[in-house]
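# Architecture and fold: a report
Residues per chain are reported as follows:
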Amino acid sequence: MANRVIFRESAIQAYRRGRVKDIVPRLTSRPALICLWLLLAVLVATAAVAWTVRVPAYVGAQGVILQNGVGGKTAAALFLPPDQSAHLRVGQPVHAQVGSSGPAVLGAVARVEPGVIGPDTARAKYRFEPGVDIVRQPWTVVIVRLGESLPSAAYGGSLLTARVEIGSQRLLAFFPGLGKLVGGAP
């Protein structure tokens, strides 16, 4: 009875087979793994949508409503930095607001004056009211046709702020660091 084995032979063989196999511990559960894959799919889909969606790019400007309109319509002279003149084209949309709380009006670029104009020439040519000092450096002058709802007789000489739509850029360009990679310029 001393040499008698207390385990069955099949149990000993199963034990030996189990020791030979590599056992990988299960670190995550199946539902957690499925949720992580779904999250990755949503992130990739969101990045793809953000890559394809383009939003308008604007350049801000200040200007004055001209006393004499262009072609019988109300017009304004906008003053933009000279480096923006390459982006300006006739027909580009303009969103303008008279004063700080005046009416908002839509318009379009009628023409881009050639060259750059200095502050004194701009004051003399566009007859700004005394004390108006929006032109302090050389500017590119853009003449804009404004909507019908803004009569030049009533608003002539008034200051306005405007945004000229100069193109579009990818939505991803708004994320820090990605603007240079995806072409943040219009």
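Scroll up to find the structure.
Report follows, based on the coordinates. (Residues numbered from 1 in each chain as written. Predicted model: local features only at pLDDT ≥ 70, side-chain atom pairs only at ≥ 80, totals over all residues. Heavy atoms only, no water.)

### Focus: the overall build of the protein chain
- Looking only at helices and strands, one finds four helices and six strands in the protein chain.
- The linear arrangement of helices and strands in the protein chain, starting from the amino end, is α-α-β-β-β-β-α-β-α-β.
- Taken over 186 residues, the protein chain has a buried fraction of 30%.
- For the protein chain, the accessible surface area stands at approximately 12600 Å², while carbon and sulfur atoms represent 61% of it. (Helix = DSSP H or I, 4+ residues; strand = E, 2+ residues; numbered from the N terminus. Buried < 20%, exposed > 50% of the residue type's maximum accessible area, 1.4 Å probe, protein only. Areas by Shrake-Rupley, 256 points an atom, 1.4 Å probe, with all protein chains shown as cover.)

### Things to note about the side chain of Glu113
- Inspection of the secondary structure assignment puts Glu113 in the loop between strand 4 (104-112) and helix 3 (119-126).
- Classification of Glu113 by relative accessible area gives buried; the value is 16%.
- Of note is the side chain of Glu113, whose polar atom sits 2.8 Å from the side chain of Arg111.
- Glu113 has contacts with Lys125, Tyr126, Thr140, Val141 and Ile143, leaving out every residue within four places of it along the chain. (Polar contact = N/O pair within 3.5 Å; in protein donor to acceptor, adjacent residues only side chain to side chain. Contact = heavy atoms within 4.5 Å.)

### Describing the packing of aromatic side chains
- Following the criterion strictly, the structure yields zero aromatic pairs and no others.
- Sitting above the plane of the Tyr58 ring, Arg163 keeps its charged end 4.3 Å from the centroid. (Phe/Tyr/Trp six-rings, centres within 6.5 Å; stacked < 30°, edge-to-face > 60°. Lys NZ or Arg CZ within 6 Å of the ring centre and 35° of its normal.)

### Concerning the nonpolar core
- Among the nonpolar cores identified, the biggest contains 21 residues, and Leu78, Leu146, Leu160 and Val164 are the most heavily contacted of them.
- Looking at this core, the elements that each hand over two or more residues are strand 1 (54-65), strand 2 (75-80), strand 3 (93-98), strand 4, strand 5 (140-146) and strand 6 (159-170).
- Setting aside chain neighbours within four positions, we find Leu160 in contact with Ala61, Gln62, Gly63, Val64, Ile65, Ala76, Leu78, Ala96, Gln97, Val98, Gly99 and Leu146.
- Core analysis: the next-biggest nonpolar cluster, separate from the first, contains 11 residues, Ala75, Ala77, Phe79 and Tyr126 among them. (Core = buried A, V, L, I, M, F, W, Y, C linked by side-chain atoms within 4.5 Å.)

### Notes on the sheet that holds strand 6
- An order of 1-2-5-4-3-6 is seen for the six strands of this closed barrel, with the pairing classed as antiparallel. Within this sheet the neighbouring strands show an average axis-to-axis angle of 45°, counted without direction.
- Where strand 1 meets strand 2, four bridges bridge the pair, whose relative direction is antiparallel. What sits directly across from Gln62, in strand 2, is Phe79. (Pairing = 2+ DSSP bridges. Axes fitted to C-alpha atoms, helices over the stretch in contact; angles between N-to-C directions.)

### Quick look at the pairing of strand 6
- Pairing between strand 1 and strand 6: 11 bridges, direction antiparallel. Within strand 6, the residue paired with Val59 across the bridge is Val164.
- As paired elements, strand 3 and strand 6 share five bridges and run antiparallel to each other. Along strand 6, the bridge assignment pairs His95 with Arg163.

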